[in-house]
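Geometric and topological summary
Now for the letters of each chain:
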Amino acid sequence: MRAYVLRRFAQSVVVVIAVVTIMFFMFRVMPSDPTAMMVDRGMTEVARLELLEKWGLTGSLWEQYVRYMGNVLQGDFGASFFYRKPVWEVLWPLIINSLWIAVPGLALSALLGSGLGLLVGWSKRGGRIERGGILFATVIRGTPSFVIGISLLALFSSALGWFPGFGMGDTGGVEGFQRYLNWTFVHHLVLPLFAVILYFLPENVLLMRSGVIEARTEDYIELVRAKGVPEHRVAWHAGRNSLLPLITWLFPALAETIAGIVVIEIVFSWPGVGRELVLAVTRQDYPLAQAAFFLMAVMVVLANLAADLTYTKLDPRVAYK
């Protein structure tokens, strides 16, 4: 087990280094000059070169790469071209904002989806519950996230007026961590959180349903039923052993959610890291975009490692060599 963890950890480090390298060269080979968008008009050539030197954009591509990797190994991703301050100082508040809708959204979608999937999978084949559940999941799965977001805005914000449609709070409200601990923030959180739950719900329903349909024909289910166990307990046994595909999808989805909710963050003007990543690429803010991609790569590899290690807890037949 220890050898397996160490081997997977080493593989994860290689993957992260590869992603960092690809992102570095991808941004450097773009046919554009970031100073064209960042500097004031009328800047002299000397001042422009000094700015490029300060941003680490001088020298050969190889020299820039060696210098950049050296800084990355020390945890230094440079300063944002646009904000003129360290990238982590820009990203951390945005990451927290994204986690407020990503983590509860994914957790609630998994909880509701596994329950609905168990109900649909355990129901009579071809019955109304199964047909209705599949139709619901298929329609939601085929609906783009921006349509879900705009529909929620039109219904609950514009038509009914129940929830605010944009931002995280009222203008001039409380700043810092205290802004998360008031009713105004919760009121603004409802619609984007609901949109994330709806967006990720179909995968959970369909994965759980497929697992339950496969498990209900297994011999151990017949054995449990032969013991006189109530039907809902039999369904629970089938559902518990159908969680592996869901777990496999859930952990990487946590990392992908940060990137996948970009559209939802834009629709609701939610100041998260996904929306900032898009803006950073548009502004050619290399350090900020590269740091955001690095963060996502780390989250994906750690999530995959966590998923592998969780298998042994859910299925004793899984063994690592």
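Residues numbered from 1 in each chain as written. Predicted model: local features only at pLDDT ≥ 70, side-chain atom pairs only at ≥ 80, totals over all residues. Heavy atoms only, no water.

**What about the side chain of Asp285?**
The residue Asp285 is located in the loop between helix H13 (273-282) and helix H14 (286-314) in this model. Within the buried set, Asp285 has no salt-bridge partner at all; the shortest N-O distance to an opposite charge, 5.7 Å, is to Arg283. Polar side-chain contacts of Asp285 include one of 2.5 Å to the side chain of Ser80. (Helix = DSSP H or I, 4+ residues; strand = E, 2+ residues; numbered from the N terminus. Buried < 20%, exposed > 50% of the residue type's maximum accessible area, 1.4 Å probe, protein only. Lys, Arg positive; Asp, Glu negative; His and termini not counted. Salt bridge = Lys/Arg side-chain N within 4 Å of Asp/Glu carboxyl O. Polar contact = N/O pair within 3.5 Å; in protein donor to acceptor, adjacent residues only side chain to side chain.)

**Some details on the environment of Ser109**
Considering the arrangement of structural elements, one finds Ser109 in helix H5 (residues 87-122). Along the primary structure Ser109 and Ile197 are separated by 88 residues, whereas in three dimensions their C-alpha atoms are 4.8 Å apart. When near neighbours in sequence (up to four residues on either side) are disregarded, Ser109 contacts Ser114, Ile197, Phe200, Leu201 and Asn204. Polar side-chain contacts of Ser109 include one of 2.8 Å to the backbone oxygen of Leu106. (Contact = heavy atoms within 4.5 Å.)

**Looking at helix H7 (residues 145-159)**
Relative to the 21 Å expected for 15 residues at 1.5 Å per residue, H7 spans 20 Å between its end C-alpha atoms, a close match to the ideal helical length. If you look at H7, its biggest bend is around 25 degrees, right at Leu153. Taken together, the buried positions of H7 are Ser145, Ile148, Gly149, Leu152, Leu153 and Phe156. Contacts made by the buried residues of H7 are with helix H6 (128-141), helix H8 (183-215) and helix H12 (262-267). After H7 finishes, the residue Gly161 shows a positive phi value of roughly 70 degrees. (Expected span 1.5 Å × (residues − 1). Bend = angle between axes of the 7 residues up to and from the residue.)

**Structural notes on the packing of aromatic side chains**
By the definition in use, this model includes 17 aromatic pairs. An angle of 35 degrees between the planes, with centres 5.8 Å apart, marks the rings of Trp62 and Tyr65 as tilted. Of this pair, Trp62 and Tyr65 are both found in helix H4 (residues 61-73), three residues apart, which corresponds to roughly one turn of the helix. On the accessibility criterion, Trp62 (57% relative accessible area) is exposed. Its relative accessible area of 14% is what places Tyr65 among the buried residues. Grouping aromatic residues by their ring pairs yields a cluster made of Phe24, Phe25, Trp62, Tyr65 and Tyr68. (Phe/Tyr/Trp six-rings, centres within 6.5 Å; stacked < 30°, edge-to-face > 60°.)

**Brief notes about H6**
In a regular helix each residue adds 1.5 Å, so 14 residues correspond to 20 Å; H6 covers 20 Å between its end C-alpha atoms and thus fits that length. Considered for burial, the residues of H6 that qualify are Glu130, Gly133, Ala137 and Ile140. For H6, the buried positions fall inside an angular range of 115 degrees around the axis, keeping them on one side. Exposed and facing more than 90 degrees away from the buried side of H6 are Arg128, Arg131 and Leu135. The inward-facing, buried residues of H6 abut H5, H7 and H8. (Arc of directions from axis to C-beta.)

**Section: the packing of helix H1 (residues 2-28) against H4**
In the contact formed by H1 and H4, the axes pass within 11 Å of each other and the chain directions differ by 140 degrees. Judged on the interaxial angle alone, H4 and H1 are oblique. For the element pair H1 and H4, the recorded crossing hand is right-handed. Contacts from Ile17, Val20, Thr21, Phe24, Phe25 and Arg28 in H1 reach Leu61, Gln64, Tyr65, Tyr68 and Met69 in H4. Across the contact of H1 with H4, the residue classes break down as eight nonpolar, two polar and one charged. (Axes fitted to C-alpha atoms, helices over the stretch in contact; angles between N-to-C directions. Parallel < 35°, antiparallel > 145°, perpendicular 65-115°, else oblique. Left-handed = near helix turned anticlockwise from the far one by under 90°. Nonpolar A, V, L, I, M, F, W, Y, C, P; charged D, E, K, R; others polar.)

**Topic: the nonpolar core**
By size, the foremost hydrophobic cluster in this structure holds 32 residues, and its most contacted members are Tyr68, Phe77, Trp88 and Leu91. When contributions to this core are tallied by element, the ones reaching two or more residues are H1, helix H3 (45-55), H4, H5, H13 and H14. Considering every element that reaches this core, the biggest residue donor is H14, with eight residues. Not counting the four nearest positions on each side in its chain, Leu91 is found in contact with Val273, Leu288, Ala291 and Ala292. Among the nonpolar cores identified, the runner-up in size contains 25 residues, and Ala195, Ile197, Val267 and Trp270 belong to it. (Core = buried A, V, L, I, M, F, W, Y, C linked by side-chain atoms within 4.5 Å.)

**Quick notes on the confidence of the model for the protein**
Here the protein averages 80 in pLDDT, and 87% of its residues register 70 or above. Here helix H2 (residues 35-38) stands out as the least confident element of the protein, with mean pLDDT 63; H7 is the most confident, with 88. (pLDDT = per-residue confidence, 0-100.)

**Quick look at the packing of H5 against H8**
Close contact between H5 and H8 brings their axes to 5 Å; oriented N to C, the two are set at 35 degrees. In this structure, H5 meets H8 at a crossing whose hand is right-handed. Partitioning the contact of H5 with H8 into residue classes produces 23 nonpolar, seven polar and one charged.

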